[in-house]
Amino acid sequence: MKHVKRVIPVTLLLLFALAANALPIFAHHGFQAEYDGSKVIYITGTLTKLEWENPHAYFWVEAKDATGKVTTWTFEGASPIAVKRTGTVRTDFTSNIGKTVTVRAIPGKDGTTKGAAETIKLPDGREVVVGGKRFFGDSKSGGEY
Amino acid sequence: MRRRLGIHAVTAISVFAILHILSGSARAQSGTGQVSVAGFGKSTAQPLSPGGPAPRAADGHPDLSGVWFPGKIGREDLTAEGNPARLQFDPKVTPEEKPPYQPWAAEKVKKLSTLDAEILRPSVNCMPRGVPGMFITNPYPIELILTKTEFIQLDELNNNFRIIPTDGRAHSKDPDPAFNGEGVAHWEGDTLVIDTIAIDQRTWNNFAGWFHSDQEHVVERISRPTMNYLTYQVTIEDPKVLTKPWTSAPRTWSLGHEALQEYYCTNNREEEALKALRDLTEGPKK
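Residues numbered from 1 in each chain as written. Chains lettered and ligands numbered in written order. Predicted model: local features only at pLDDT ≥ 70, side-chain atom pairs only at ≥ 80, totals over all residues. Heavy atoms only, no water.

## Things to note about the overall build of chain A
Within chain A, the secondary structure is distributed over 4 helices and 6 strands. When the helices and strands of chain A are listed from N to C terminus, the series reads α-α-β-β-β-α-α-β-β-β. The buried share among the 145 residues of chain A stands at 55%. Considering only contacts within chain A whose residues lie at least 6 apart along the sequence, 57% involve residues at least 24 apart. Total accessible area computed for chain A in this model is approximately 5900 Å², and 58% of it derives from carbon and sulfur atoms. (Helix = DSSP H or I, 4+ residues; strand = E, 2+ residues; numbered from the N terminus. Buried < 20%, exposed > 50% of the residue type's maximum accessible area, 1.4 Å probe, protein only. Contact = heavy atoms within 4.5 Å. Areas by Shrake-Rupley, 256 points an atom, 1.4 Å probe, with all protein chains shown as cover.)

## Describing the packing of aromatic side chains
Tallied over the full model, the rule gives 11 aromatic pairs over all chains. Summarising the aromatic geometry, the rings of Phe135(B) and Tyr232(B) are spaced 4.0 Å apart at their centres and angled 15° between planes, so their arrangement reads as stacked. Taken together, the positions of Phe135(B) in helix α5 (residues 130-136) and Tyr232(B) in strand β9 (residues 229-237) put the pair 97 residues apart, joining distant regions of the chain. One Lys or Arg, Lys49(A), reaches over the ring of Trp60(A) and ends 4.7 Å from the middle of that ring. In this structure, Lys114(A) packs its charged tip against the face of Tyr35(A), placed 5.4 Å from the ring centre. (Phe/Tyr/Trp six-rings, centres within 6.5 Å; stacked < 30°, edge-to-face > 60°. Lys NZ or Arg CZ within 6 Å of the ring centre and 35° of its normal.)

## Describing the side chain of Glu216(B)
Residue and element names in this part refer to chain B. Residue placement: Glu 216 occurs in the loop between β7 (191-197) and β8 (217-226). The side chain of Glu 216 sits in the buried core without any salt bridge; Arg 162 is the nearest counter-charge, 11 Å away. Polar contacts involving the side chain of Glu 216 include one to the side chain of His 212, which spans 3.3 Å. Excluding its chain neighbours within four sequence positions, the residues that come into contact with Glu 216 are Val 131, Thr 196, Ile 197, Ala 198, Ile 199, Asn 205, Ile 236, Glu 237 and Asp 238. (Lys, Arg positive; Asp, Glu negative; His and termini not counted. Salt bridge = Lys/Arg side-chain N within 4 Å of Asp/Glu carboxyl O. Polar contact = N/O pair within 3.5 Å; in protein donor to acceptor, adjacent residues only side chain to side chain.)

## Side note on the nonpolar core
The nonpolar side chains of a soluble globular protein tend to be buried, and buried together. Residues Leu64(B), Phe135(B), Phe151(B), Ile222(B) and Leu230(B) are the most contacted members of the largest nonpolar core, which totals 33 residues. Mapped onto this core, the elements with two or more residues apiece are α2 (103-111), α5, β3 (142-146), β6 (182-188), β7, β8, β9 and β11 (251-256) of chain B. Residues in contact with Ile222(B), not counting those within four places in the same chain, are Leu64(B), Phe135(B), Phe151(B), Asp190(B), Thr191(B), Leu192(B), Ile194(B), Leu230(B), Thr231(B) and Tyr232(B). Core analysis: the next-biggest nonpolar cluster, separate from the first, contains 18 residues, Trp73(A), Val101(A), Val103(A) and Ile120(A) among them. (Core = buried A, V, L, I, M, F, W, Y, C linked by side-chain atoms within 4.5 Å.)

## So, unusual backbone geometry
Between Asn54(A) and Pro55(A) the backbone carries a cis peptide bond, its omega angle lying at 5°. Following the sequence through the fold, Pro55(A) ends up in the loop between β1 (41-51) and β2 (58-64). A positive phi angle, near 65°, is found at Cys126(B), a position not held by glycine. Topologically, Cys126(B) is positioned in the loop between α4 (122-125) and α5.

## Digging into the pattern of salt bridges
Applying the stated criterion across every chain yields a total of 24 salt bridges over all chains. Between Glu76(B) and Arg85(A) there is a salt bridge, with the nearest N and O atoms lying 2.9 Å from each other. Taken together, the positions of Glu76(B) in the loop between β2 (66-70) and α2 and Arg85(A) in the loop between α3 (80-84) and α4 (90-94) put the pair across two chains. As far as the burial class goes, Glu76(B) and Arg85(A) line up, both buried. In the salt-bridge network here, residues are joined through shared partners; they are Arg85(A), Glu76(B), Glu156(B) and Glu258(B).

## Considerations on the pairing of β9(B)
All names here are of chain B. Here 8 bridges tie β8 to β9, and the two strands are oriented antiparallel to one another. Within β9, the residue paired with Val 219 across the bridge is Thr 235. In sequence, β8 turns back onto β9 through a hairpin of 2 residues. Pairing of β9 with β11, which is carried by 4 bridges, proceeds in the antiparallel orientation. The partner of Thr 231 across the bridge, within β11, is Thr 252. Where β9 meets strand β10 (residues 246-247), 2 bridges bridge the pair, whose relative direction is antiparallel. Considered in β10, the bridge of Thr 235 is made with Thr 247. (Pairing = 2+ DSSP bridges.)

## Description of the state of the cysteines
All names here are of chain B. Under the defined criterion, the tally for this structure stands at 1 disulfide over all chains. In this model Cys 126 forms its disulfide with Cys 265; the gap between the sulfur atoms is 1.6 Å. Here Cys 126 is found in the loop between α4 and α5, whereas its partner Cys 265 is found in the loop between β11 and α6 (270-282), with 139 residues between them in sequence. Exposure remark for Cys 265: the relative accessible area of 22% places this residue in the partly exposed category. (Disulfide = S-S within 2.5 Å.)

## As for the confidence of the model for chain B
Residues and elements named next belong to chain B. In this model, chain B carries a mean pLDDT of 87, and residues with pLDDT of at least 70 account for 84%. Low pLDDT (under 50) marks residues 12-28, which in the prediction has 28 contacts with non-local residues, meaning those over four places away or in another chain. Per the prediction output, this complex has pTM 0.83; the corresponding ipTM is 0.82. (pLDDT = per-residue confidence, 0-100.)

Here's what the structure looks like:
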């Protein structure tokens, strides 16, 4: 049982370290507490669902992991109003449900398959904006959207 | 015994998942970080020109009416977050002082955990921004309507509004607290001065935990120096929380040419996600 007792403190330490990596106090938004802006990921899979409501659009992509198992990714975008003002429209999503897309995002800090998305590449080849700048590399600012 | 094994299994899976993501070996390829959409994050949108003199109302005061966007480009641009023209003010040119907290207040703010600070702030929990949050912590457009007797502000964010009489009347005696407080206004030359008290204590004055007391007194100054620009400045006094009054930098809003959209905060998943993360890292709380 000793090895089991060691796992919990390690996990909490890891999670705490991830959470403590959050931003300096002038950050505008919860993004950097929930997501890791120092990493960018690209997820390719099938777009399955969209929620086009405030405060944030959400959409789901089913992608295969390294073992070939299908995992569901949850992506958070900006407010649909802000997204629309970049030229992306709701039908860019709804007309592509069931089709293959690639999402550029920063991953969640809790280890689950989620991300704060910046863009989505659609089957017609267009890459459209769905969120503000999320990936910041070494810098530590965050977006309000 | 079974429950303990279950918890340990979940823990082990979580550790594995975290290491899996961190190692970048997920089917998700990790990127090198180069921006994949040309210009994303470094928009070159230019500030609007002054646009000529501000229009005047019948009484000779500047007409503040219009749809206004924070910053200088007269619109919203998600790709422009790195662009200084999107900012309400340039902290290198006109820096804003940090809130002059009394020691007990500074201690209270300092004690907020990162996650608590996120969960409590209006931009995450969908509570109203209040006054002056609707100007200084609001990235969404507003519409101002100046009538002969009222200053009306419509906020796209949370479909909010406030209506302020501009006849120079005094405050009522002991008004009920409200998120937008009780506001009364008068003109000082070309500047509309809005005086607000009785602001609900759940509003914050910044994103980092600047709470206030029931004695907070907010004075906003709004002018329209040219057709395309609005200048906004606010002074906050709070004898229970601050050591002295705080005044913002002069902040810029620019004229937009589109309608406000409906924005009800009806699908907020973030508060729940942050609470779950907080429970995981700090232990369960309310």
